[in-house]
Amino acid sequence: MRTAFARIILLAAVLGSLISPPAQAEIRILASPGGQVGPFLDLFERVRASGERVVIDGPCLSACTLVLSMVPSDRICVTRRAILGFHGARSVDPRGRLNAEPEASELVLEAYPSAVRGWIRRRGGLTSRLLLLRGRELAAIYPSCR
């Protein structure tokens, strides 16, 4: 019980440090390694409802990329430091082993905007390998922040 509580506190602290407070109605993602999907879905649902713009200004990996599915594309922009990292869905069994979840991966892939989905498919789809979208390829999909 104590360990679960400590994990919740740690998760709250980590999520709080990943996104800076709104300045001029924007949320800035500075660095996110990802994590459990549920807290990210809750967070990005609140961001979507807020109407604020999302500035991706550093690594946004794994579950963090769900922002692309949750917040309208016209409210997302990227900086030169932005990196999006995608991989297949996976679960952890009671023994701590990672297991691929191909059906969940397909659901996640279908939720991404079409340009992102096409980029991922051209690179072999969502697998255990981390795919990094950055630089010119990313700038071709999302506008630069002004």
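Scroll up for the structure.
These lines cover the structure that appears in this document, whether it is placed above or below. (Residues numbered from 1 in each chain as written. Predicted model: local features only at pLDDT ≥ 70, side-chain atom pairs only at ≥ 80, totals over all residues. Heavy atoms only, no water.)

**Concerning the packing of aromatic side chains**
Scanning the model with the defined rule gives three aromatic pairs in all. Taken together, a centroid distance of 5.9 Å and an interplanar angle of 45° make the contact between F40 and F44 tilted. You can see F40 and its partner F44 sitting in helix 2 (residues 37-50), four residues apart, about one turn around the helix. Like F44, F40 is buried. Taken together, a centroid distance of 5.2 Å and an interplanar angle of 85° make the contact between F86 and Y112 edge-to-face. Placement of F86 in strand 6 (residues 83-86) and of Y112 in the loop between helix 4 (102-111) and helix 5 (114-122) is noted, with a sequence separation of 26 residues between them. Classification of F86 as buried rests on a relative accessible area of 1%. Each residue in the set F86, Y112 and W119 is aromatic and connected to the rest through ring pairs, giving one cluster. (Phe/Tyr/Trp six-rings, centres within 6.5 Å; stacked < 30°, edge-to-face > 60°. Helix = DSSP H or I, 4+ residues; strand = E, 2+ residues; numbered from the N terminus. Buried < 20%, exposed > 50% of the residue type's maximum accessible area, 1.4 Å probe, protein only.)

**Observations concerning unusual backbone geometry**
With a phi close to 55°, S62 is a non-glycine residue in the positive phi region. Relative to the assigned elements, S62 resides in the loop between strand 4 (59-61) and helix 3 (67-70).

**A closer look at the side chain of R117**
The topology assignment puts R117 in helix 5. Here R117 sits buried without a salt bridge, and the closest side chain of opposite charge, E110, lies 4.1 Å off (N-O distance). Polar contacts involving the side chain of R117 include one to the main-chain carbonyl oxygen of E110, which spans 3.2 Å. (Lys, Arg positive; Asp, Glu negative; His and termini not counted. Salt bridge = Lys/Arg side-chain N within 4 Å of Asp/Glu carboxyl O. Polar contact = N/O pair within 3.5 Å; in protein donor to acceptor, adjacent residues only side chain to side chain.)

**A short note on the packing of helix 4 against helix 5**
Relative to each other, helix 4 and helix 5 sit at 135°, their axes nearing to 7 Å. Relative to helix 5, helix 4 is oriented oblique. When helix 4 is examined against helix 5, the residues E106, L109 and E110 are found in contact with a partner set consisting of R117, I120 and R121. Tallied by class, residues from the contact of helix 4 with helix 5 come to two nonpolar, no polar and four charged. (Axes fitted to C-alpha atoms, helices over the stretch in contact; angles between N-to-C directions. Parallel < 35°, antiparallel > 145°, perpendicular 65-115°, else oblique. Contact = heavy atoms within 4.5 Å. Nonpolar A, V, L, I, M, F, W, Y, C, P; charged D, E, K, R; others polar.)

Keep in mind these values describe shape, not function.
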